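The lines below spell out each chain.
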Amino acid sequence: MTLIDSRPVVLIAEELSPATVEALGPDFEIRHCDGTDRSELLGALTDVDALLVRSATVVDEEVLLAAKRLKVVARAGVGLDNVDVRTATQNGVMVVNAPTSNITSAAELAVALMLAAARHISPAHAALTRGEWKRNSFCGTELFEKTLGIVGLGRIGVLVANRLAAFGMHVIAYDPYVQAGRGAQMGVRMVSLEELMAESDFLSVHLPRTPETIGLIGAEQLALARAGLVVVNAARGGIVEEKALYDALKTGRIAAAGLDVFAREPCTDSPLLELENVVATPHLGASTAEAQEKAGLAVARSVRLALSGELVPDAVNVQGGVIAENVRPGIPLVEKLGRIFTALAGEVAQQIDVEVRGEIAEYDVKVFELAALKGVFADVVEDQVSYVNAPLLAAERGTAVRLVIESESPDHRNLITLRGTLADGSQVSVSGTLIGINQKERLVEVNDFVVDLEPTEHLAFLTYADRPGMVGTVGRILGDADVNIAGMQVSRDTKGGQALVALSVDSAVPLDVLEEIRGAISAAMVRGVDLSD
């Protein structure tokens, strides 16, 4: 008999470090293909759950539609020019990358290009290999006490600033998204782009390629440059306009350039490559053994999380941002609240408010909205619900979602409530919190009834008219069905009014047993909740 491998399938379409496969572990079936061979790639996607690529494999609409089971595309690197993120999102496919894997390698290459350009390393080397000893032809310039202008003070820009400050350089920067105070904390003076061009002896570009940054440094900006400026671009091609740079280098307006990127790649025929005052490399920013291993390990971890339905911090098409450590423990609780909410509602709500109160409200808690939706729809649709497609599912079903944040929480240090309106106008709510040093999960409110119950794998909720003997009746019926009660909370609005019983049980309560309880106590609402999967 042939055994069928039921493990999720991970397709690796380009060469990745051996550590990547090791990090994925034995829980997945690993396959390989040549992602640059279009027919081979499309043929290999039929039953694939995750696709791992670098920069050579194009993951476009055709690829995404061919992969019917695909849940995650992982790019072992930073740039996503080769991945159609919009179509992936529309199809509920998570896209992840490794945003910090190459920052050190890229920063070091920028420094290397700057030194090589300043000291004419490439033409001097070429002359020497031709048998020419031309010491007087390659007089360079020191970095010490010169002004470094950084365009884009993000993670890589900061690393470059730190490294070149150690050379004794004065650092200025242009970045419209960085406040002057933040720059001052790093020892960097923030200036306008015009000021930077006029004051810099060396310029290093560290911006993403966007419609706003393409051609940012063109003829007009280069005309403002201080004589002898050295330009380095190890970020993305096209940010420095290549024709304008060529003209400035030819006339001597710009002394030298160090380039790792070009507007169109691969690039072997640019006029810039003909100039002796240009040192160029073929997009080697991430090409170190360390960066490749970091990227592989990062996306392997992300794939494991994605295929288990968990939140992936490096997902580029999932809202939520960086998750603070104080926020992270609440994510599983909020997912459980979502599942309990749906069980209590018995239908998809028209409006859901995710209310976050207390000290935790000072952090970015957008992820709680995603976690709530993931839980709300987990038991509604057949397909796996992820942090990518949960908002799409809500939109398709006409469910409006709102995140409500309030710093005041009178009864609990932190409180998270899901409150929703159903089609008939009635409301459903469930609240939870984390208590103690170990951050234990507790249910503290159900439909405005106060409770205190651990949200275990199997729960049941009953509402009925408050009167004697009802708890005993419920206990007897569950006992006869061999369902053991682990915890019970009884709450009521007024004496003789409406009462709620919240039960934690060791096994799921069968539907027929729930119906027997409904009839025995004339329950207005009987719901079972299974959180075991």
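Look a little higher up for the structure.
So, a few notes on the structure that sits alongside this text. Note that the structure is predicted; figures quoted are calculated from it, not measured.

## Description of a negative patch on the surface
Part 1 of the argument: The grouping of E22, E108, E290 and E293 at the surface amounts to a negative patch.
Part 2 of the argument: Residue placement: E22 occurs in helix 1 (residues 18-24).

## Some remarks on helix 16 (residues 470-480)
Part 1 of the argument: Along helix 16, the residues classified as buried are M470, T473, V474, I477 and L478. Down the axis of helix 16, the buried set is contained in an arc of 125°. They therefore lie on one face.
Part 2 of the argument: In this structure, the buried residues of helix 16 make contact with strand 19 (458-465), strand 20 (485-492), strand 21 (498-505) and helix 17 (511-521).
Part 3 of the argument: One or two steps after helix 16, the chain reaches D482, where phi turns positive at roughly 60°.

## Some words on the pattern of salt bridges
Think of it this way: side chains of opposite charge can pair up when their charged atoms draw near.
Part 1 of the argument: Using the criterion set out here, one finds 25 salt bridges in the structure.
Part 2 of the argument: Taking the shortest distance from any N to any O, the salt bridge between D448 and R419 comes out at 3.8 Å. Within this pair, whereas D448 is found in the loop between strand 17 (440-446) and strand 18 (449-453), its partner R419 is found in strand 15 (residues 414-421), the two being separated by 29 residues in sequence.
Part 3 of the argument: On the basis of relative accessible area, D448 is assigned to the exposed category, the value being 63%.
Part 4 of the argument: A cluster of three or more residues bridged by salt bridges with shared partners is formed by E355, R357, R419 and D448.

## Considerations on the packing of helix 5 (residues 103-118) against helix 7 (residues 155-165)
Part 1 of the argument: The interhelical angle for the contact between helix 5 and helix 7, taken along N-to-C directions, is 50°, at an axis separation of 9 Å. On the basis of their axis angle, the class for helix 5 and helix 7 is oblique. In this structure, helix 5 crosses over helix 7, and the sense of that crossing is right-handed. Where helix 5 approaches helix 7, its residues I103, T104, A106, A107, E108, A110, V111 and M114 are matched on the opposing element by R155, I156, L159, V160, R163 and L164.
Part 2 of the argument: Residue classes in the contact of helix 5 with helix 7 are distributed as 10 nonpolar, one polar and three charged.

## So, the nonpolar core
Part 1 of the argument: In terms of nonpolar packing, the biggest core is built from 49 residues, with I340, F368, L418, V430 and F461 touching the most fellow members.
Part 2 of the argument: Looking at this core element by element, the count peaks at nine residues for helix 13 (residues 330-345).
Part 3 of the argument: Not counting residues up to four positions away in its chain, the partners in contact with F461 are I340, L344, L443, V446, V501, A502, M525, V526, R527 and V529.
Part 4 of the argument: L109, A117, V188 and V232 belong to the second largest nonpolar core, which has 31 residues in total.

## Focus: the sheet that holds strand 8 (residues 189-190)
Part 1 of the argument: Within the open sheet, the seven strands sit side by side as 8-7-6-9-10-11-12. Their pairing is parallel. Every interior strand has two partners, whereas the edge strands, strand 8 and strand 12 (278-280), have only one.
Part 2 of the argument: In this sheet, strand 11 (residues 254-259) lies alongside strand 10 (residues 229-233) in parallel orientation, the contact comprising five bridges. Each residue of the ladder has a partner; that of N233, found in strand 11, is L259.
Part 3 of the argument: Along the sheet face, helix 11 (residues 242-251) touches strand 10, strand 11 and strand 12 and points at about 135° away from the line of strand 11.

## Re the pairing of strand 11
Part 1 of the argument: Burial of strand 11 is extensive: five of the six residues sit out of reach of the surface.
Part 2 of the argument: This β-α-β element, strand 10 to helix 11 to strand 11, shows right-handed connectivity.
Part 3 of the argument: Note: strand 11 against strand 12, three bridges, orientation parallel. Across the sheet, the residue bridging to A257 is V278, located in strand 12.

## Observations regarding the pairing of strand 9 (residues 202-205)
Part 1 of the argument: Of the two faces of strand 9, the one holding F202 and S204 and the one holding L203 and V205 are both buried throughout.
Part 2 of the argument: Where strand 6 (residues 147-151) lies against strand 9, four bridges are found, and the strand directions are parallel. Looking at the pairing, I150 lines up with S204 of strand 9.
Part 3 of the argument: Pairing analysis gives four bridges linking strand 9 to strand 10, with the strands arranged parallel. From the neighbouring strand, F202 faces strand 10, where its bridge partner is V230.

## Topic: helix 11
Structurally, the α-helix is built with 3.6 residues per turn, so residues lying three or four positions apart point the same way.
Part 1 of the argument: If you check which residues of helix 11 are buried, you get A244, L245, Y246, A248 and L249.
Part 2 of the argument: Tucked into the core, helix 11 has its buried residues touching helix 10 (219-222), strand 10, strand 11 and strand 12.
Part 3 of the argument: Of the residues that open helix 11, the one with a side-chain oxygen 3.4 Å from the backbone nitrogen of K243 is E241.
Part 4 of the argument: In the segment just after helix 11, G252 is the residue with positive phi, at about 90°.

## Some remarks on the sheet that holds strand 21
Part 1 of the argument: Pairing is antiparallel across the open sheet formed by four strands, whose spatial order is 20-21-19-22. If you trace the sheet from one side to the other, it starts and ends with strand 20 and strand 22 (525-530), each paired once. Along the sheet, successive strands turn relative to each other by an average axial angle of 15°, direction set aside.
Part 2 of the argument: With six bridges joining them, strand 19 and strand 22 adopt antiparallel strand pairing. Counted as the bridge partner of L459 is V529 from strand 22.
Part 3 of the argument: Those strands touched by helix 16 are strand 19, strand 20 and strand 21, and its axis lies near 155° from that of strand 20.
Part 4 of the argument: Contacting strand 19 and strand 22, helix 17 crosses the sheet at an angle of about 155° to strand 22.

## Things to note about the environment of L462
Part 1 of the argument: Among the structural elements, L462 can be located in strand 19.
Part 2 of the argument: Considering only alpha carbons, one finds L462 and A502, 40 residues apart in sequence, at a separation of 6.7 Å.
Part 3 of the argument: Excluding residues that lie within four positions of it along the chain, L462 makes contacts with V474, A499, L500, V501, L503, I517, I521, M525 and V526.

What counts, and at which threshold
Residues numbered from 1 in each chain as written. Predicted model: local features only at pLDDT ≥ 70, side-chain atom pairs only at ≥ 80, totals over all residues. Heavy atoms only, no water. Patch = residues over 30% accessible without salt bridge, like charges linked within 9 Å, V, L, I, M, F, W, Y side chains within 5 Å. Areas by Shrake-Rupley, 256 points an atom, 1.4 Å probe, with all protein chains shown as cover. Salt bridge = Lys/Arg side-chain N within 4 Å of Asp/Glu carboxyl O. Lys, Arg positive; Asp, Glu negative; His and termini not counted. Charge placed at Lys NZ, Arg CZ, Asp CG, Glu CD. Helix = DSSP H or I, 4+ residues; strand = E, 2+ residues; numbered from the N terminus. Buried < 20%, exposed > 50% of the residue type's maximum accessible area, 1.4 Å probe, protein only. Arc of directions from axis to C-beta. Contact = heavy atoms within 4.5 Å. Axes fitted to C-alpha atoms, helices over the stretch in contact; angles between N-to-C directions. Parallel < 35°, antiparallel > 145°, perpendicular 65-115°, else oblique. Left-handed = near helix turned anticlockwise from the far one by under 90°. Nonpolar A, V, L, I, M, F, W, Y, C, P; charged D, E, K, R; others polar. Core = buried A, V, L, I, M, F, W, Y, C linked by side-chain atoms within 4.5 Å. Pairing = 2+ DSSP bridges. Right-handed = clockwise from strand over helix to strand, strands pointing away. Polar contact = N/O pair within 3.5 Å; in protein donor to acceptor, adjacent residues only side chain to side chain.

These values are about where atoms sit, not about what they do.
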